[in-house]
Amino acid sequence: MESKYNYFKRDISWLSFNYRVLLEALDERLPLYERINFISIYSSNLEEFYKIRVADHKAVASGATESDEETVQSARELVEEINKEVTRQLDDRVRIYEQKILPALRKNHIIFYQDNHVEPFHQQFIKDFFREEIFPYLQPVPVSKDKIVSFLRDNRLYLAIRVYPKKEENKGEETKENIEKYAGECINERNVTGFRQPLYFVMKQPYAKVPRFIELPSREKNHYLMFTEDIIKANLNLIFPGYDVDSSYCIKISRDADILIDDSASSADLVAQLKKKVKKRKIGDVCRFVYDRAMPSEFLDFLVDAFRIQRDELVPGDKHLNLEDLRHLPNPNKSLHSLEKPKPMKLTVLDEKESIFNYVAKKDLLLYYPYHSFEHFIHFLYEAVHNPETREIMVTQYRVAENSAVINTLIAAAQNGKKVTVFVELKARFDEENNLATAEMMQAAGIKIIYSIPGLKVHAKVALIRRRGLNGEKIPSYAYISTGNFNEKTATLYADCGLFTCRKEIVADLYNLFRTLQGKEDPKFTTLLVARFNLIPELNRLIDREISLADEGKQGRIILKMNALQDPAMIDRLYEASEHGVQIDLIVRGICCLIPGQSYSRNIRVTRIVDSFLEHARIWYFGNDGSPKVFMGSPDWMRRNLYRRIEAITPVLAPDLRDSLIEMLDIQLADNQKACWVDDKLQNIFKKRTPGTPAVRAQYTFYDWLNKKDN
């Protein structure tokens, strides 16, 4: 039956989020290089979006794959809509970069050359640098419609170059010989008998050998930077002797990076498939051909034909592509300050001399990353390694850092005689190779490895320390449930939280979850909410409770913080609750398919926060008539999380920790510096500070609150 409700399209909603990231580059309150970094993040996000989401839609649109969610026609229309919106956003990115960022750099005495025009005092340096550092690595490749198509590597920058043979009287045969040698016989007889035909080349830019950005000699107060490709363009005449260089433009290809595997395969077969298919990621089908929008139409038409590009794969870009590289832009002006981000705190009650086991045996502990140091979790594992009563350590691995302290500690545990079991999710996109490598390393150290479950992803972020007294007596075991991965690198960048507890009901549920991951039983959970088992029924019960309260004239209240809200069934429940008068605040960083501002969503508000750290925590609040229930865990409300993954959510039972989470939600809803409303047109409407009220920048305000509370 067709729903009476409407929803935003998932991918168009995501583009709205990514545009919000780009808008941070306009915030002049931020340090300049922080603004530049947001352009980099925006660009990197967009690249992955095309490699995965757009590639999937294009596969459906071409008939290569089938989908239960879209038809060939709807997929084609969506790709067209995506490209249209991306083109609009890229226009804004050009405007922000050229009209805001470059002038701000100049104001701070950093001259970032953007074309072939350079000051006279740099021209010899550029020629010398080109000859000595760049020229040896360049290899122009001729392009012809009638020859074998050159392979363009994924996400690599190329210069597309158009040249003409120089006019030489009475040297027709010699000129023809030179052209044939250079261009592989890509011209016909007319080229040397009076009418010059253009020749086309592509040339991969050698960023493996040469940095993307070159610092030029300073002059008085000013520092100078230049793109490597602009240095190459300024010296093309040295690469093509005997030719008149007409023009050159940057191009790049984005390729399908999704890995299609037989999800019903056994663990051994899955490992073999991934090892083989990860290597082929760089040669996937084209999903985007990005080109300098200044390129003349006849030049573009030639490349489209020569590389057999489909018209719906064309995305006009900037003069300089791959602006995700801006995160590496040198800062030669040392007086420019970087952003003073909150530095991770170490709790005084958990210094290195204090046992976390002893603390958590008395009361639950909740840490907020990156405000609290992730070293506390490492110390927790380290203590388990050296505790003689530790019987077993059980952990899920979704994404871990390279040379991970977490993995190294688990290996130390196994070498110390502890039983260690790690569930490794091999299907974590773009982390497959790292997960395979760390799994094999752990296995070699004696750790029991359990690989992906057929047909499912395990996205839960949980750890369990099982203990037994040396004389067999019962002593506390410890559970850890987190909203983020066991990754010390992202723990400094992502805003997450993790709960330590030795409550018997949670420990027992978590042990049952690990047994389920090993295929040993169909569990019953009494306290934890686990996707595909008891999560959906409990969410429906909690929403029904708030609806009943509203129907009784009491306050129905729901606050949901998550990364993404997409599942139509759960969105329908929120619409229904709104129609009954339940007041609902959503703090959704990314995809939000719920449409606010409709008759059936008039009591729902959607807030989006983008700031120094990536908001990653999933926290759910249900008012419950003044006795609030608060939950935290790994899932978003997306179809994949609720129905096709193993996710773990815990109620926060300690009143002081529950109140701490509520305080965080209240601070985020009060944010008037970095928070936006998402309106019914997917626009990001910045919240305005009411005169006379304090400025609230949620991440920094909450850090200060934690600092005072903990000390």
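Residues numbered from 1 in each chain as written. Predicted model: local features only at pLDDT ≥ 70, side-chain atom pairs only at ≥ 80, totals over all residues. Heavy atoms only, no water.

Student: Mind showing me how you'd approach helix α16 (residues 568–579) here?
Tutor: Here α16 is 12 residues long and its end C-alpha atoms lie 16 Å apart, about the 16 Å a rise of 1.5 Å per residue gives. Taken together, the buried positions of α16 are occupied by M570, I571, D572, R573, L574, Y575, A577 and S578. Contacts from the buried residues of α16 go to α15 (535–551), β19 (557–562), β20 (583–588), β21 (604–609) and α17 (639–643). Looking one or two places after α16, you find G581, whose phi comes out positive at around 100°. (Helix = DSSP H or I, 4+ residues; strand = E, 2+ residues; numbered from the N terminus. Expected span 1.5 Å × (residues − 1). Buried < 20%, exposed > 50% of the residue type's maximum accessible area, 1.4 Å probe, protein only. Contact = heavy atoms within 4.5 Å.)

Student: Just checking my understanding: could you explain the packing of aromatic side chains for this structure?
Tutor: Aromatic ring pairs are reported here in terms of the distance separating the ring centres and the angle at which the planes meet. Applying the stated criterion across every chain, the model contains 38 aromatic pairs. Aromatic pair Y200 and F299: ring centres 5.2 Å apart, planes at 70°, arrangement edge-to-face. One end of the pair, Y200, is in strand β4 (residues 199–204); the other, F299, is in helix α9 (residues 297–306), and 99 residues separate them in sequence. As far as burial versus exposure is concerned, Y200 and F299 are alike and both buried. Seen in terms of ring centroids, F622 and F631 are 6.3 Å apart; in terms of plane orientation they differ by 80°. Their pairing is edge-to-face. The pair formed by F622 and F631 is uniform in burial state, with each residue classed as buried. (Phe/Tyr/Trp six-rings, centres within 6.5 Å; stacked < 30°, edge-to-face > 60°.)

Student: I tried to follow helix α1 (residues 10–23) on my own but got confused; where do I start?
Tutor: Given 3.6 residues to a turn, an α-helix orients residues that are three or four positions apart in the same direction. With 14 residues, α1 extends 20 Å from end C-alpha to end C-alpha; this agrees with the ideal 20 Å at 1.5 Å per step. Of all 14 residues in α1, 13 are buried; the element is thus mostly enclosed.

Student: What exactly am I supposed to notice about the pattern of salt bridges here?
Tutor: In a structure, side chains of opposite charge can pair up when their charged atoms sit close to one another. On inspection of all chains with the given rule, the structure shows 45 salt bridges. A salt bridge links K252 to E47, with the shortest nitrogen-to-oxygen separation between them at 2.6 Å. Taken together, the positions of K252 in strand β7 (residues 243–255) and E47 in helix α2 (residues 32–61) put the pair 205 residues apart, joining distant regions of the chain. Each of E47, K51, D154, K252, R288 and E324 takes part in salt bridges that share partners, so that together they form one network. (Salt bridge = Lys/Arg side-chain N within 4 Å of Asp/Glu carboxyl O.)

Student: I tried to follow the environment of K362 on my own but got confused; where do I start?
Tutor: Relative to the helices and strands, K362 is located in helix α10 (residues 356–362). In the structure, K362 is positioned 128 residues away from A234 in sequence and 69 Å away in space, judged by C-alpha atoms.

Student: Just to check I follow, could you spell out unusual backbone geometry for this structure?
Tutor: Trans is the prevailing form of peptide bonds, just as negative phi is the prevailing case for residues other than glycine. With omega at 5°, the peptide bond leading from Y369 into P370 counts as cis. Its place among the elements puts P370 in the loop between β10 (365–369) and α11 (375–386). If you check the backbone angles, N155 has positive phi at about 60° while not being a glycine. You will see that R532, though not glycine, has its phi angle at about 80°, which is positive. With respect to the helices and strands, the residue R532 is situated in the loop between β18 (529–530) and α15.

Student: How should I be thinking about the pairing of β7 in this particular structure?
Tutor: Every regular strand shows the same layout, with side chains that alternate between the two sheet faces. Taken across its 13 residues, β7 has 10 buried, putting it largely inside the fold. Alignment of strand β3 (residues 158–165) against β7, held across eight bridges, turns out to be antiparallel. Bridge pairing in β7 places V163 opposite V245. The sheet contact formed by β7 and strand β8 (residues 286–292) spans five bridges and is antiparallel. Opposite I253, over in β8, you have F289 as the bridge partner. (Pairing = 2+ DSSP bridges.)

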